[in-house]
Amino acid sequence: MPTVDDILEHIGEFNFFQKQTFFFLALLSAAFTPIYVGIVFLGFIPDHRCRSPGVAELSRRCGWSLEEELNYTVPGPGPAGQAFPQQCLRYEVDWNQSTLGCVDPLAGLAANRSHLPLGPCQHGWVYDTPGSSIVTEFNLVCGNSWMLDLFQSAVNVGFFVGSMCIGYIADRFGRKLCLLITILINAASGVLMAVSPTYTWMLIFRLIQGLVSKAGWLIGYILITEFVGLSYRRTVGIFYQVAFTIGLLVLAGVAYGLPHWRWLQLTVTLPNFCFLLYYWCVPESPRWLISQKKSAKAMRIIKHIAKKNGKSLPASLQSLRPDEEVGEKLNPSFLDLVRTPQIRKHTLILMYNWFTSSVLYQGLIMHMGLAGSDIYLDFFYSALVEFPAAFIIILTIDRIGRRYPWAAANMVAGAACLASVFIPEDLPWLRVTAACLGRMGITMAYEMVCLVNAELYPTFIRNLGVLVCSSMCDIGGIITPFLVYRLTDIWHELPLVVFAVVGLVAGVLVLLLPETKGKALPETIEEAENMQRSRKNKEKIIYLQVKKLDTPLN
């Protein structure tokens, strides 16, 4: 019996309709960027110091430059191991007293400044930035710095919960309805976050954005891979992620032009309302409609696709009948992922690699935002290297295989992080090169784990295996902000050391997985257990969460 893929061979696997739909959904992928990595600009931490009443007046009276004001009124670095006391402590001095002179005003109070008492910042902070961020507006520094970590962790908690639920919701209510609902909620919560009066409200709306935004991104991914033919599915999936990279470049430019976080948040959110027009532009997936016994609606959409592509639908393919169940239906269980030795090994290695990819990808971006150089140019350059990463994958996976490029990508990312630790500050070009290599490596690893994850599990637990293993991606995203921002307080390069170790270990573990190039997808647990043996069956292509096997048509 013919399948949807058989029909697409007649009416076009990637013709005008699919190209138009891909363009629409690629815009959705690009719009996901500010939510995933927007913390770099929304949570930018500028140089800051305690606000001390009377200092500004004394500085004006004495005609100090900014450098002189800092030298006379701000504590120095302090003893080793004490993080940034000049940013979090102040001299407990009444700067309004008239006895203070203009040349070393503290000399009359103590022979050595280190003997002067220091206290916490009771009157807020002064930030050296022309713009604003959530850090400067809500004072998320020093004792409140953990609140910035929580802000980014909240969106990853939303990613985790939303991704866990989206498979069931999209299968139960349809791809199109879920897509439109997630778009509406994402756009509304993004606008409300931009006008939030307090940190608590901002955190709540960011959490809501996390709940629906990644879910919407995944639905867009599922839709486009269900509209195209089998031979285009993997390539379209990769280029859907390339659209995310284009979003990175656009975000850097928009953030540069809008250095105030509320205007930036509003600007990157408002375009989401335009995606509601997809109600008229993007149809429901015919594969889902057939699985729901809605054959008449599915046929109308198939005829619409044929018309858009300028093709005619053969008469033999224009009548559908309900699905027929073939063979015994197996019920997947979480225990199936760890019950047998080879699948257990696959599960543990894949979970670790999903975790690694998330920690290194988000962590490198966050650490770059703390480097103190030109954040906009650094962000732009590092995003550019994601393009060659995608093309290297396309060129190598069917020639060399999956395992060696994947392992090499992890090792390059880890080695680049380790090299960055030892490159001196006076060689900025070399540091940028290492950072770009690390970013390219982890981008390749991220996209490879998406591909290989689905190829290592038998059919009846394939979706469950992808869901469980990829959930570690969001767990990694939850802890990454605490990992980056807290370790940086100890030593600025310490997160890079951790990233290096994690990445190198991931690369070694990948070599323990079987090569899946040129092998048929396993149908049973026995086949999955024997994947190390060479099998020359025709390769069946699959790429991350293309939800089900095609339902037969007549």
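Anything mentioned here points back to the structure above.
An account of the accompanying structure is given in this report. Everything numeric here is computed off the predicted structure, so don't read it as measured data.

Within the largest apolar cluster, 137 residues are counted, with the highest numbers of intra-cluster contacts made by Tyr36, Ile134, Tyr361, Phe379 and Trp406. Sequence-distant contacts of Ile134, that is, excluding residues within four places in its chain, are made with Leu42, Gly43, Asn139, Leu140, Leu148, Phe151, Met202 and Trp261. Judged by nonpolar contacts, the second largest core, of 12 residues, contains Val55, Val93, Leu100 and Ala110.

This part takes up the packing of aromatic side chains. In the structure shown here, the tally under the stated rule is 27 aromatic pairs. Taking the centre distance of 6.2 Å and the plane angle of 25° together, the rings of Trp217 and Tyr221 count as stacked. One end of the pair, Trp217, and the other, Tyr221, are both in helix 11 (residues 199–227), four residues apart, so they sit about a helical turn from each other. For the pair Tyr256 and Tyr376, a centre-to-centre distance of 5.3 Å together with 80° between the ring planes defines the contact as edge-to-face. Of this pair, Tyr256 sits in helix 12 (residues 233–257) while Tyr376 sits in helix 19 (residues 375–384), and the two are 120 residues apart along the sequence. On the basis of relative accessibility, which here comes to 60%, the residue Tyr256 falls in the exposed class. One aromatic cluster is present, formed by Phe32, Tyr36, Phe159, Trp217, Tyr221, Tyr240, Phe244, Trp354, Tyr361 and Tyr446 through successive ring pairs. Against the face of Phe173 rests Arg172, its NZ or CZ located 5.1 Å from the ring centre.

With that settled, the discussion passes to the environment of Gln362. Tracing the chain through its elements places Gln362 in helix 18 (residues 341–369). With 80 residues separating them in the primary sequence, Gln362 and Ile442 have C-alpha atoms 9.9 Å apart. In terms of polar contacts, Gln362 uses its side chain to reach the side chain of Asn156, at 3.3 Å.

Next up on the list: helix 13 (residues 261–269). Regarding helix 13, the residues found buried are Trp261, Leu264, Gln265, Val268 and Thr269. The arc enclosing the buried residues of helix 13, seen along the axis, measures out at 120°, which places them on a common side.

A few words now on the pattern of salt bridges. Overall, the coordinates contain 12 salt bridges when judged by the stated rule. Between Asp149 and Arg486 there is a salt bridge, with the nearest N and O atoms lying 2.8 Å from each other. Of this pair, Asp149 sits in helix 9 (residues 146–173) while Arg486 sits in helix 23 (residues 462–490), placing them 337 residues apart in sequence. Given a relative accessible area of 0%, Asp149 falls into the buried group.

A few words now on unusual backbone geometry. Here Cys142, not a glycine, exhibits a phi torsion of approximately 55°, which is positive. As for its placement among the helices and strands, Cys142 is situated in the loop between helix 8 (134–138) and helix 9. Positive phi, close to 65°, is recorded for Lys293, a residue that is not glycine. Along the chain, Lys293 turns up in the loop between helix 16 (286–291) and helix 17 (295–308).

Turning to helix 1 (residues 4–11), a few remarks are in order. Restricting attention to buried positions, one finds in helix 1 the residues Val4, Asp5, Ile7, Leu8 and Ile11. What you see down the axis of helix 1 is that its buried residues fit within an arc of 155°, all on one side. Next to the buried residues of helix 1 lie helix 2 (16–31), helix 11, helix 12, helix 16 and helix 17.

Between helix 21 (residues 403–422) and helix 22 (residues 428–455), the least distance of the axes is 7 Å, while the angle of their chain directions is 150°. Accordingly, the angle class assigned to the pair helix 21 and helix 22 is roughly antiparallel. In the crossing of helix 21 with helix 22, the sense of the turn from one axis to the other is left-handed. Counted together, Pro405, Trp406, Ala409, Asn410, Val412, Ala413, Ala416 and Ser420 of helix 21 and Arg431, Ala434, Ala435, Leu437, Gly438, Gly441, Ile442, Met444, Ala445, Met448, Val449 and Val452 of helix 22 form the full contact between these two elements. Its residues placed into classes, the contact of helix 21 with helix 22 shows 15 nonpolar, four polar and one charged.

So, on to a positive patch on the surface. Taken together, the side chains of Arg172, Lys294, Lys297 and Arg300 define a basic patch exposed on the protein surface. A residue is classified by how much of its surface remains accessible, and Arg300, at 55% relative accessible area, is exposed.

Below, the discussion takes up the environment of Phe387. Mapped onto the secondary structure, Phe387 falls in helix 20 (residues 386–396). Residue classification places Phe387 among the buried residues on the basis of a relative accessible area of 19%. Each C-alpha atom, one on Phe387 and one on Met440, is 8.4 Å from the other, the two residues being 53 residues apart in sequence. Setting aside anything within four residues of it in sequence, one finds Phe387 in contact with Val242, Thr245, Ile246 and Leu249.

All told, the structure shown has three disulfides when counted by the stated rule. Through a disulfide, Cys50 is tied to Cys121; the S-S separation comes to 1.6 Å. Here the disulfide of Cys50 and Cys121 is left-handed, its torsion about the S-S bond being about -50°. A residue pair is termed long-range when its members are at least 10 positions apart, and Cys50 in strand 1 (residues 48–50) and Cys121 in the loop between strand 3 (118–120) and strand 4 (125–127) qualify at 71 residues. An identical accessibility class is assigned to Cys50 and Cys121; each is buried. Between the sulfur atoms of Cys88 and its disulfide partner Cys142 the distance amounts to 2.1 Å. Residues Cys88 and Cys142 share a disulfide whose torsion about the S-S bond is about -95°; that sign makes it left-handed.

The contact between helix 12 and helix 19 brings their axes to 9 Å, and the two run at 170°. Classified by the angle between their axes, helix 12 and helix 19 sit roughly antiparallel to one another. Facing Thr245, Leu248, Leu249, Leu251, Ala252, Ala255 and Tyr256 of helix 12, the residues of helix 19 in contact are Tyr376, Phe379, Phe380, Ala383 and Leu384. A breakdown of the residues in the contact of helix 12 with helix 19 according to their chemical character gives 11 nonpolar, one polar and no charged.

Cut-off values and rules
Residues numbered from 1 in each chain as written. Predicted model: local features only at pLDDT ≥ 70, side-chain atom pairs only at ≥ 80, totals over all residues. Heavy atoms only, no water. Core = buried A, V, L, I, M, F, W, Y, C linked by side-chain atoms within 4.5 Å. Buried < 20%, exposed > 50% of the residue type's maximum accessible area, 1.4 Å probe, protein only. Contact = heavy atoms within 4.5 Å. Phe/Tyr/Trp six-rings, centres within 6.5 Å; stacked < 30°, edge-to-face > 60°. Helix = DSSP H or I, 4+ residues; strand = E, 2+ residues; numbered from the N terminus. Lys NZ or Arg CZ within 6 Å of the ring centre and 35° of its normal. Polar contact = N/O pair within 3.5 Å; in protein donor to acceptor, adjacent residues only side chain to side chain. Arc of directions from axis to C-beta. Salt bridge = Lys/Arg side-chain N within 4 Å of Asp/Glu carboxyl O. Axes fitted to C-alpha atoms, helices over the stretch in contact; angles between N-to-C directions. Parallel < 35°, antiparallel > 145°, perpendicular 65-115°, else oblique. Left-handed = near helix turned anticlockwise from the far one by under 90°. Nonpolar A, V, L, I, M, F, W, Y, C, P; charged D, E, K, R; others polar. Patch = residues over 30% accessible without salt bridge, like charges linked within 9 Å, V, L, I, M, F, W, Y side chains within 5 Å. Areas by Shrake-Rupley, 256 points an atom, 1.4 Å probe, with all protein chains shown as cover. Lys, Arg positive; Asp, Glu negative; His and termini not counted. Charge placed at Lys NZ, Arg CZ, Asp CG, Glu CD. Disulfide = S-S within 2.5 Å.

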